[in-house]
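Coordinate inspection notes
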Amino acid sequence: MVEQRRLTTQQVAARLGVKPETVYAYVSRGLLGSRRGAGGRASTFDPDEVERLARRRRGRPDAGSAGGREQDAAGPVYSGVTLIEDDRFYYRGVDPVELARRSSFEPVAWWLWTGDERPGPPFAAPAAGLAAARAAGDALPPQAGLVDRLRVAAVAAATVDPVRFDLRPGTVAATARGLIATFVDALPRRDGRSEDVGYGAPDHGLPMGHGAGAATGHDVGGPGHPARGGTGRTGAGRPGHGGAAQHGDTAQHGDTAGRSGTTGHGGAARHGSTALDGHTAGHDGAAQHGGTAGRGGTTDEDEIIAERLWPRLTDRPPGPYAVHILDRALVLLIDHGLAASTVTARAAASARAHPYAVVSAALGAAEGPLHGGASGLAHRMLTDVLERGAGPVVAEHLRAGRRIPGLGHRLYRTTDPRAQVLFERLAAMPEAAPALAAARAVTETAATHLPLPANVDLALATLTVAAGMPPEAGEAIFTVARTAGWIAHALEEYDERALRVRVTGRYEGPPPPQPLPSLS
């Protein structure tokens, strides 16, 4: 068979109506595949692949088979979660820097999932899911790290949630709320305090996320109806879309209802009101109940996520700004576009994996040293700089041909806005002064060779070093925060055609038929 004639760069540019430089950009972004021609000098292109790209650019359907269209994932994945442009980023068109100044992590996550601007229900870990996660974490070997515990927590919590495959938006948001709380509360405390006996929302055998206030302030009536709830409404549940029962997060049957929006540590908004109304009938008769049914007094559940996470990362008590800085970091790390872990999460959601599986899949991609684990490398570098100085440490990295952790970002030309905000806040934290000086020394020393700005990994490492946290603490913070983003993307993907996220493969092995191998 005569191989089909391939196209040159100039021919492709003429066919697509673009400059040759744009053709090379298509190759770098994976929109076109190229191969070296005879002599190994000029690039050549498959005419059929060029034609498919031309049809997509004109908005016309591919003339190929339906199966071919299903497998062709070269086009963009449209998302309404995060925009990154001109050295800034936005959540649904809103500046996250301003969000972090005005709101704590929980209401921002709830808003991203539901579109509701009012404070949602408290982030409470249901008792069954929390117990399963703690038991799984306790079974790990001593060398297991914080993120190891988070990975097993997601799997363990899923096993006690019989309705985890309910992918309606309200249910997914409730599941995510419970999972994030479970992630935090399942980590062992480092401050010497014992865990509360029976801590966690009593769920009476209810699934993860459907206790702990799952009925509060959200609608599980089906796609296209984002959750609506929040403070300002009291009383029993009322019928929502699809007949689901719902009630405000101040639904009361006791003397502590009606609290909302109190000030949290360091000025962060605290919104963990306690509903004491027991459980109400939900969609299809499923029981749902408030976050602390039948329990009086104050527990960790009344604190925002940042306050609960802090003593699980360090034994040092937080200073006046510490928890507030941690809360800002959580907000700023919720999402960052289609990063590797987010693409993985969307691929899992495209296959209709439940939220726990979506998060578990994303965790696998995030663990790499170039993604979620990057702050741990920066942490170790800063501790080394504090001992030996920036000059020897930077020289050692460059001599070994290693990237200097925490410097530069492919999406920001000048400044990573997330790092800028955290460094500004860390400057107000007296105990952070040595770590800040070390980070500044690294940036200035490296600038003589490679003028790259500090990124959020270096800022996060500065916080973890200053607070006496272990190196993997930054990755744990990233995981807790980014879980909210993964769920936001999963909610989008659940509303798309199933199995649409599939990479187009091109076989490059020997052509068939080939002789059978001798395997004996």
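Residues numbered from 1 in each chain as written. Predicted model: local features only at pLDDT ≥ 70, side-chain atom pairs only at ≥ 80, totals over all residues. Heavy atoms only, no water.

A short note on the overall build of the chain
Formally: The numbering of helices and of strands both runs from the N terminus, where a helix is a DSSP run of H or I of at least 4 residues and a strand a run of E of at least 2. Here the term buried applies to any residue with accessible area under 20% of the maximum for its type, exposed to any over 50%, and partly exposed to those in between, with areas from a 1.4 Å probe on protein chains only. Throughout, a contact is declared for two residues whenever any of their heavy atoms are within 4.5 Å. Areas reported here follow the Shrake-Rupley algorithm with a probe of radius 1.4 Å; residue values treat only the protein chains shown as occluding.
Within the chain, the secondary structure is distributed over 19 helices and eleven strands. Residues counted as buried form 51% of the 520 residues belonging to the chain. When contacts within the chain are restricted to residue pairs at least 6 apart in sequence, long-range pairs at least 24 apart make up 71% of them. Total accessible area on the chain is roughly 23100 Å²; 54% of this is exposed by carbon and sulfur atoms.

Section: the nonpolar core
It is characteristic of soluble globular proteins that their nonpolar side chains tend to be buried jointly. Worth spelling out the cut-off: Put simply, a nonpolar core is a bunch of buried Ala, Val, Leu, Ile, Met, Phe, Trp, Tyr and Cys residues held in one set by side-chain atoms that sit within 4.5 Å of each other.
Residues Phe105, Trp113, Leu330, Leu382 and Val442 are the most contacted members of the largest nonpolar core, which totals 105 residues. Among the elements that take part in this core, helix α19 (residues 473-494) stands out by supplying 13 residues, more than any other. In terms of nonpolar packing, the next biggest core, distinct from the first, is built from 13 residues, Leu7, Leu31, Leu32 and Val50 among them.

A short note on the confidence of the model for the chain
What counts is decided by this rule: Predictor confidence is given residue by residue as pLDDT, running from a minimum of 0 to a maximum of 100.
Residue-level pLDDT values for the chain average 79, and 74% of them are 70 or greater. For the stretch residues 60-74, pLDDT sits under 50, and the model shows 25 contacts to residues farther than four places along the chain or on other chains. Below pLDDT 50 for its whole length, residues 202-299 participates in 262 contacts with residues either more than four positions away or in separate chains.

Some details on the pairing of strand β4 (residues 82-85)
Where we set the bar: Any two strands with at least two DSSP-identified bridges between them are counted as paired.
Bridge count for β4 against strand β5 (residues 88-91) is four bridges, and the pairing is antiparallel. The partner of Thr82 across the bridge, within β5, is Tyr91. Counted between consecutive antiparallel strands, the loop separating β4 from β5 contains two residues, among which Asp86 sits at a positive phi close to 55°.

Description of the sheet that holds strand β2 (residues 34-36)
With antiparallel pairing, three strands are arranged side by side in an open sheet as β1-β3-β2. Lying at the two open borders of the sheet, with one neighbouring strand each, are β1 (7-8) and β2. Pairing analysis gives two bridges linking β1 to strand β3 (residues 43-45), with the strands arranged antiparallel. Bridge pairing links Leu7 to Phe45 in β3.

Observations concerning helix α16 (residues 417-426)
Those residues of α16 not exposed but buried are Pro417, Arg418, Ala419, Val421, Leu422 and Leu426. Buried residues in α16 make contact with β5, α5 (96-102), α11 (322-332), α17 (433-447), α18 (456-466) and α19.

Looking at the pattern of salt bridges
Two side chains with opposite charge may pair up if their charged atoms get near one another. To be explicit about the condition: In what follows, salt bridge is the name for a side-chain nitrogen of Lys or Arg lying within 4 Å of a carboxyl oxygen of Asp or Glu.
Taken as a whole, this structure holds 18 salt bridges when the rule is applied. For Asp95, the salt bridge identified is with Arg88, shortest N-O distance 3.0 Å. A residue is classified by how much of its surface remains accessible, and Arg88, at 39% relative accessible area, is partly exposed. Glu496 is the partner of Arg500 in a salt bridge, and the nearest nitrogen-oxygen pair spans 3.9 Å. Salt bridges sharing common partners tie together Arg346, Glu492, Glu493, Glu496 and Arg500.

Focus: unusual backbone geometry
For the peptide bond that leads from Pro512 to Pro513, omega is 0°, which places it in the cis range. Assignment of secondary structure puts Pro513 in the segment after α19. Backbone geometry places Arg92, a non-glycine residue, at a positive phi of 50°. With respect to the helices and strands, the residue Arg92 is situated in the loop between β5 and α5. Of note in the backbone geometry, Arg352 takes a positive phi value of approximately 65° without being a glycine. As for its position among the elements, Arg352 is in the loop between α12 (340-350) and α13 (355-366). Taking the relative accessible area as the measure of exposure, Arg352 reaches 26% and is therefore partly exposed.

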